[in-house]
Amino acid sequence: MATTAQLFEEPFDADEYIERLAWRTPGGGSKGGAEAFDPKKLLEEFVNHIEELKQLDERIQRKVEKLEQQCHREAKEFAHKVQDLQRSNQVAFQHFQELDEHISYVATKVCHLGDQLEGVNTPRQRAVEAQRLMTYFNEFLDGELRSDVFNNPDKIKEAADIIQKLHLIAQELPFDRFSDVKAKIASKYHDLERQLIQEFTAAQRRGEIGRMRELAAVLLHFKGYAHCVDVYIKQCQEGAYMRNDVFEDIAILCQRVNKQVGEVFCSPETVMAKLIQSIFENRIQAHVKERLEETRHSDVEQYLKNLYDLYSRTTALAAKLTDFNLGSDKHTFLSKLIKNIFSCYLESYIDMERQYLQNRSGLILQRYYDSKNHQKRPVGTGSMQELKERIRQRTNRPLGSSIDTHGETFLSQEVVVNLLQETRHAFERCNKLSDPADLPKNAFSIFLLLVEYLCVDHIDYALEIGLSAIPSPDAKNANLYFLDVVQQANTIFHLFDKQFNDHLMPLISSSPKLTECLHKKKEVIEQMEVKLDTGIDRTLNCMIGQMKHILVTEQKKTDFKPEDENNVMIQYTTACSKVCAYVSKQVERVRRSMDGKNVDTVLTELGVRFHRLIHEHLQQFSYSSMGGMLAICDVAEYRRSAKDFRVPLVLQLFDTLHALCNLLVVAPDNLKQVCSGEQLTNLDRNLLHAFVQLRVDYRSARLGRHFS
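Model, not experiment: these values are computed from the prediction. (Residues numbered from 1 in each chain as written. Predicted model: local features only at pLDDT ≥ 70, side-chain atom pairs only at ≥ 80, totals over all residues. Heavy atoms only, no water.)

Running from N to C, helix α9 (residues 246-264) and helix α11 (residues 300-321) cross one another at 10°; their axes reach a closest spacing of 10 Å. By the angle class used here, α9 and α11 are roughly parallel. Contacts between α9 and α11 involve Phe247, Ile250, Ala251 and Cys254 on the former and, on the latter, Leu310, Arg313, Thr314, Leu317 and Leu321. (Axes fitted to C-alpha atoms, helices over the stretch in contact; angles between N-to-C directions. Helix = DSSP H or I, 4+ residues; strand = E, 2+ residues; numbered from the N terminus. Parallel < 35°, antiparallel > 145°, perpendicular 65-115°, else oblique. Contact = heavy atoms within 4.5 Å.)

See the structure below:
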């Protein structure tokens, strides 16, 4: 069985267990070991081993049953012990309740006895205190202070307590009988008060926080306590302002004093509030007055900058001071201090801001026009100007002589940036310095100045000059620089719009002034758009006029009716070449000057007018067979130029014109078929007939009957 016990060692594995048993059996190994494999021996060993295992199992089972019986017996014994302990605990709890009731009874008796003793002792103490005060009062009556408490400097705290009580008593005595003693008590009261304040000041200079706290507690019951606080506040500020930055000095001072005040005074929030009030009413107010008064009348720009800087730094300092305990309504307290300092300056702020912005904006514009040696022309207003504008829009011709600006647009991004920058600073100051109720109104007034100087005096004036400088459509070699005006005006307006959204909108977004601002902006945009549209329209007319001049000058009647039909070497005419070069140049110029959908809109209008010009031009000539081929070549070249427009409508128009030109060369018998083609079938028959009539063989070949 010892062998069997060894076979059951942990960890147990059944396969390994059988393998080890077979290996230990003589002749039972897989290779037979020293003997040959004998299954009978192995079977016999297994049968014997199974019997042994059964016997082992029976012994273990008996042992388990014995242990279970023992466990049940011990559990019963333990349950009896627990029941005994519960009974003992219940008895102890009853004894504890009895003891607690007895203690409560004794405590009630003790409290009652203490109340009786206190009832007896309190009158006794009062009597002793009254006797003591009467003794000291007698000394003042005699005029000789013999007690050590009044003559020993180390007992100043006790003397202060006594004299404070005597001073209160003296207030109740009749003046006619006790005037002398009242005067002596008052004199001693003031002497001790002054002595306490002097000692407090000396302790503050020595940095003795404990002594300061002790003296402050004594002085708390004296009338001079406020003077003690004033002395403390004054001494705190001695040597505190050593830097050039007074606001940084104040922040450091308050941080240091705040910790000390809590250790010295019993009501630190009151002392801290008084310190801050003293700093604002004396140091900051003096600093603000010094900085502002020196520039108020001499340099308005610097005055506004200083006012903005000082107000911003003062409010920032106040925000830091809210971290300290200054009482229940510290925000109102600090706001009132700031208002007391700046109210006299803020009342007139917006008037000075507007006046400065007017002067500064006017100066920026005047310097620009002076640099151009340009004297601003008065822009007409009223009914006469409106009448002229209507006539100009109807006739598309300038009223009065056209001026020559030598290509100058009179628009400057540098001027615009300066105006916007000045206005941006004004908006920032307005946001900080205006009363919240007046902020939208003040911001709107600044916006009106921006509109006046930027939009009216600069952009609108440049548009007026640009319109006046546009030549008539029949002018030769005209400088069509109005597109440059359009480009710069568009760029400038984007900057104006960005400032409107970034700096003005946050100030007025929640007020009724928003509607007024949006209406004013819309009105300004519409006025500019009318003038831009008028100028672009007249510029397009000038472009067409230039093309027409090229065609009239360069196009000859013999181009489409050559003398020698068999010796024509050119692909397209000179007039066509020059017109196409001019058109490409103008298309590129339009793309540079416009943006967004405006490019397609203007190019569409130019393309339609270009097509109309070529269409009308071609109808002025008679075409031979070879001339018709040249006309087709010219139109093909015009169509290539039309592709630069990138406008489907324009390309479609020139495709149709190219198809019409085929009528100039097609055989008479094929005219009807060509007219029924896809591109010509929807055209007016009179238009088709008009093109057929341009052929030189129209009458001789009697093409009318073929066409009909």
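Having put the structure on the table, let's press on.
Inspection of the entire model under this criterion finds 14 aromatic pairs. Aromatic pair phenylalanine 610 and phenylalanine 654: ring centres 5.0 Å apart, planes at 40°, arrangement tilted. A residue pair is termed long-range when its members are at least 10 positions apart, and phenylalanine 610 in helix α20 (residues 597-618) and phenylalanine 654 in helix α22 (residues 648-661) qualify at 44 residues. Given a relative accessible area of 0%, phenylalanine 610 falls into the buried group. Connected via pairs of aromatic rings, a cluster forms that spans Phe447, Phe493, Phe496 and Phe500. Cation over ring: lysine 376 sits above tyrosine 461, and NZ or CZ is 4.6 Å from the ring centre. (Phe/Tyr/Trp six-rings, centres within 6.5 Å; stacked < 30°, edge-to-face > 60°. Buried < 20%, exposed > 50% of the residue type's maximum accessible area, 1.4 Å probe, protein only. Lys NZ or Arg CZ within 6 Å of the ring centre and 35° of its normal.)

Within the structure shown, the criterion is met by 21 salt bridges. Across the pair arginine 87 and aspartate 84 runs a salt bridge whose closest N-O atoms are separated by 2.1 Å. A residue pair is termed a helical-turn pair when its members lie 3 or 4 positions apart in one helix, as arginine 87 and aspartate 84 do in helix α3 (residues 39-142) at three residues. Its relative accessible area of 39% is what places aspartate 84 among the partly exposed residues. Residues joined by salt bridges that share partners form a network here, namely Asp460, Glu464 and Lys531. (Salt bridge = Lys/Arg side-chain N within 4 Å of Asp/Glu carboxyl O.)

As a further point, take the packing of helix α21 (residues 625-643) against α22. Between α21 and α22, the least distance of the axes is 9 Å, while the angle of their chain directions is 175°. In terms of axis orientation, α21 runs roughly antiparallel to α22. Taking contact as the criterion, the partners of Ala631, Ile632, Val635, Ala636, Tyr638, Arg639, Ala642 and Lys643 in α21 are, on α22, Val650, Leu651, Phe654, Asp655, Leu657, His658 and Cys661. Of the residues contributing to the contact of α21 with α22, the split by class is eleven nonpolar, one polar and three charged. (Nonpolar A, V, L, I, M, F, W, Y, C, P; charged D, E, K, R; others polar.)

The next subject is the nonpolar core. Tyr232, Phe265, Met547 and Phe610 are the most contacted members of the largest nonpolar core, which has 164 residues in total. Top element by residues in this core is helix α16 (residues 439-469). It accounts for 18 residues. When residues of this core are assigned to domains, at least three map to each of domain 2 (375-547) and domain 3 (555-706). Residue contacts for phenylalanine 610: discarding those within four places in its chain leaves Ile544, Met547, Val579, Val583, Tyr638, Phe645 and Phe654. (Core = buried A, V, L, I, M, F, W, Y, C linked by side-chain atoms within 4.5 Å. Domains from an automatic or database assignment.)

Moving on: helix α13 (residues 349-371). Across its 23 residues, α13 extends 33 Å between first and last C-alpha, which sits within 8% of the 33 Å expected from 1.5 Å per residue. Buried residues of α13: Tyr349, Ile350, Met352, Glu353, Tyr356, Leu357, Ser361, Ile364, Leu365, Tyr368 and Tyr369, and no others. Against α11, α12 (330-346), α15 (413-433) and α16 lie the buried residues of α13. Where α13 terminates, the next one or two residues include asparagine 373, which has phi positive at roughly 55°. (Expected span 1.5 Å × (residues − 1).)

UniProt's feature table lists "coiled-coil region" (unreviewed entry) at residues 43-77, given in the numbering used throughout. Along residues 43-77 one finds 100% helix and 0% strand; the C-alpha atoms at either end are 51 Å apart. (UniProt positions renumbered as here; feature names shortened; annotations may be inferred.)

Attention now goes to unusual backbone geometry. Glycine aside, a negative phi is what most residues show, and trans is what most peptide bonds show. Residue asparagine 373 is not a glycine yet carries a positive backbone phi of 55°. Here asparagine 373 shows up in the loop between α13 and α14 (383-395). Not every positive phi belongs to a glycine, and arginine 646 is a case in point at roughly 60°. By secondary structure assignment, the location of arginine 646 is in the loop between α21 and α22.

This paragraph deals with the side chain of serine 511. Structurally, the position occupied by serine 511 is in the loop between α17 (482-508) and α18 (513-554). Within the local environment of serine 511, its side chain forms a polar contact with the backbone oxygen of isoleucine 508, the two atoms lying 3.1 Å apart. (Polar contact = N/O pair within 3.5 Å; in protein donor to acceptor, adjacent residues only side chain to side chain.)

Let's shift gears to a negative patch on the surface. A cluster of acidic residues, Asp13, Asp15, Glu16 and Glu19, forms a negative patch on the protein surface. Note that aspartate 15 resides in helix α2 (residues 14-24). Of the residues examined, aspartate 15 reaches a relative accessible area of 64% and is grouped as exposed. (Patch = residues over 30% accessible without salt bridge, like charges linked within 9 Å, V, L, I, M, F, W, Y side chains within 5 Å. Areas by Shrake-Rupley, 256 points an atom, 1.4 Å probe, with all protein chains shown as cover. Lys, Arg positive; Asp, Glu negative; His and termini not counted. Charge placed at Lys NZ, Arg CZ, Asp CG, Glu CD.)

All right, on to helix α10 (residues 268-293) then. Taking 1.5 Å of rise per residue, 26 residues should cover 38 Å, and α10 covers 36 Å from first to last C-alpha, within 8% of that figure. If you look at α10, its biggest bend is around 35°, right at phenylalanine 280. Tucked into the core, α10 has its buried residues touching α8 (225-236), α9, α11 and α12. (Bend = angle between axes of the 7 residues up to and from the residue.)

On to the environment of arginine 291, then. Residue placement: arginine 291 occurs in helix α10. With 16 residues separating them along the chain, arginine 291 and leucine 307 place their C-alpha atoms 8.5 Å apart. Excluding residues within four positions of it along the chain, arginine 291 makes contact with Asn306, Asp309 and Leu310.

Turning our eyes to something else, we now look at a nonpolar patch on the surface. Among the surface-exposed residues, Tyr105, Val106 and Val110 lie close enough to one another that they form a single nonpolar patch of about 290 Å² accessible area. Counting through the fold element by element, valine 110 comes out in helix α3. For valine 110, a relative accessible area of 51% gives the class exposed.

As a further point, take the environment of serine 510. When you line up the elements, serine 510 lands in the loop between α17 and α18. Among the residues examined, serine 510 registers a relative accessible area of 75% and is labelled exposed. Considering only alpha carbons, one finds serine 510 and proline 440, 70 residues apart in sequence, at a separation of 8.7 Å.

Turning to its location among the elements, histidine 658 is positioned in helix α22. Apart from residues lying up to four places away in sequence, histidine 658 is in contact with Ile632, Val635, Ala636 and Arg639.

It is worth spelling out the environment of proline 473 at this point. Inspection of the secondary structure puts proline 473 in the loop between α16 and α17. On the accessibility criterion, proline 473 (22% relative accessible area) is partly exposed. Once the C-alpha coordinates of proline 473 and arginine 538 are considered, the two residues, 65 residues apart in sequence, prove to be 7.7 Å apart.

The predicted model of the protein chain averages 81 in pLDDT, with 80% of residues at 70 or higher. Per-element averaging of pLDDT across the protein chain places α14 at the bottom with 49 and α15 at the top with 94. Segment residues 381-387: pLDDT under 50, and two contacts once partners within four positions in sequence are set aside and those in other chains are kept. (pLDDT = per-residue confidence, 0-100.)

Tallying each qualifying case throughout the model produces zero disulfides. Unpaired in this structure, cysteine 580 has its nearest cysteine sulfur neighbour in cysteine 576, at a distance of 4.0 Å. (Disulfide = S-S within 2.5 Å.)

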